[in-house]
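Secondary and tertiary structure notes
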Amino acid sequence: MGQSIKELRLQLVGNRRANVRNGEDPVRDYADSDMELPPRLFTLLLMLLEWTRPGLPSPLRPICDLRVLKHFIEEARDAQAAMLTCKEGCGLPEPVTVPQTKVDFSVWERKNALEQAQEVQSGLWLLNKAIGSLRASVTNTALQSHIDNSLINIFRIGKVLRSLNIQECTPPAGGVSGGEETWRVSSASELLQVHVNFLRGKLQLLLSNAPVCH
């Protein structure tokens, strides 16, 4: 995870044009080039972080391996693929607010670490709320399993952020208000696409430049 934001920018920008025509977010495909995280190693990391027991203190050792994030991205894609094959009982009851996933690098680089963390944490909060709403309405059992996993992984990502000493941001009592950093989606497929794009974009930028890993 020793890459600078400029190196990431060069790798991410190189993939923009090919992805835009498919309706995907421009900041994509960087994580795909990383090596697979061996299942045993990922299981060990889960044990170290004690992710199976919510409410425990954050781990002492930071998790700086981007292959952990790649694992979360793959599982988010699995949920998206399951959604595409779902025929019944897999819709959103109403439109939901989600974070913007496109990254304006000139704006992102002007933000300090706290502002970047707040943007990512707010985005994760919105995704957790939106995916939770989808879970409450879905009756397809196969899709339910993937959605449950997505919600668990958002919790796990929070553990990773805390392990890197990235400040946790608590949304106001009324939640995150709409604005230029959010938008509304009305379908489950759109929501799960946003989930994948957010992990591969803003979250990866934040994790890749965590000071504790350099």
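This report concerns the structure included in the present document. Just so you know, these numbers come straight off a predicted model, no measurement behind them.

Quick word on the overall build of the chain
Of the regular secondary structure elements, the chain holds 8 helices and 2 strands. When the helices and strands of the chain are placed in sequence order, the string is α-α-α-α-β-α-α-α-β-α. Looking at the chain residue by residue over its 214 residues, the buried ones come to 44%. In the chain, the proportion of contacts linking residues at least 24 apart, taken out of those at least 6 apart, comes to 84%. Per element, the accessible surface of the chain, about 11100 Å² overall, is 52% carbon and sulfur.

Notes on the pattern of salt bridges
Overall, the coordinates contain 6 salt bridges when judged by the stated rule. Of the charged contacts in the structure, one is a salt bridge between R67 and D65, with a shortest N-O distance of 2.7 Å. Among the residues examined, D65 registers a relative accessible area of 27% and is labelled partly exposed. Here E74 and K70 are joined by a salt bridge, their closest N and O atoms 2.6 Å apart. Residue E74 and its partner K70 are both found in helix 4 (residues 66-85); the two are separated by 4 residues, about one turn of the helix. In the salt-bridge network here, residues are joined through shared partners; they are K111, E119, E181 and K202.

Some remarks on helix 7 (residues 141-163)
Across its 23 residues, helix 7 extends 33 Å between first and last C-alpha, which sits within 8% of the 33 Å expected from 1.5 Å per residue. The opening residue of helix 7, the one whose side-chain oxygen lies 3.1 Å from the backbone nitrogen of A142, is N140. N165 lies just past helix 7 and shows a positive phi near 60°.

Some words on unusual backbone geometry
In this structure, N165 takes a positive phi of about 60° despite not being glycine. The topology assignment puts N165 in the loop between helix 7 and strand 2 (182-185). In this structure N165 comes out as exposed when scored by relative accessible area, which is 65%.

Overview of the packing of helix 4 against helix 8 (residues 188-208)
In contact at an axis separation of 9 Å, helix 4 and helix 8 are set at 170° when each is read in the N-to-C sense. As the angle between them shows, helix 4 and helix 8 are arranged roughly antiparallel. On helix 8, the residues that touch L66, L69, F72, I73, A76, R77, A79, Q80 and M83 of helix 4 are A188, S189, L192, Q193, H195, V196, L199, R200, L203, Q204, L207 and S208. Of the residues assigned to the contact of helix 4 with helix 8, the class counts are 13 nonpolar, 6 polar and 2 charged.

Observations concerning the nonpolar core
Side chains of a nonpolar character, in soluble globular proteins, are inclined to be buried together. With 48 residues, the main nonpolar core has L191 and L207 as its most contacted residues. Every element with two or more residues in this core is listed here: helix 4, strand 1 (96-99), helix 5 (105-110), helix 6 (113-137), helix 7 and helix 8. Among the elements that line this core, the one with the most residues is helix 8, at 11 residues.

Here we look at the side chain of S163
Tracing the chain through its elements places S163 in helix 7. Under the relative-accessibility criterion, S163 is labelled buried at 3%. One polar contact links the side chain of S163 to the main-chain amide nitrogen of I63, over a distance of 3.2 Å.

Rules used in this analysis
Residues numbered from 1 in each chain as written. Predicted model: local features only at pLDDT ≥ 70, side-chain atom pairs only at ≥ 80, totals over all residues. Heavy atoms only, no water. Helix = DSSP H or I, 4+ residues; strand = E, 2+ residues; numbered from the N terminus. Buried < 20%, exposed > 50% of the residue type's maximum accessible area, 1.4 Å probe, protein only. Contact = heavy atoms within 4.5 Å. Areas by Shrake-Rupley, 256 points an atom, 1.4 Å probe, with all protein chains shown as cover. Salt bridge = Lys/Arg side-chain N within 4 Å of Asp/Glu carboxyl O. Expected span 1.5 Å × (residues − 1). Polar contact = N/O pair within 3.5 Å; in protein donor to acceptor, adjacent residues only side chain to side chain. Axes fitted to C-alpha atoms, helices over the stretch in contact; angles between N-to-C directions. Parallel < 35°, antiparallel > 145°, perpendicular 65-115°, else oblique. Nonpolar A, V, L, I, M, F, W, Y, C, P; charged D, E, K, R; others polar. Core = buried A, V, L, I, M, F, W, Y, C linked by side-chain atoms within 4.5 Å.

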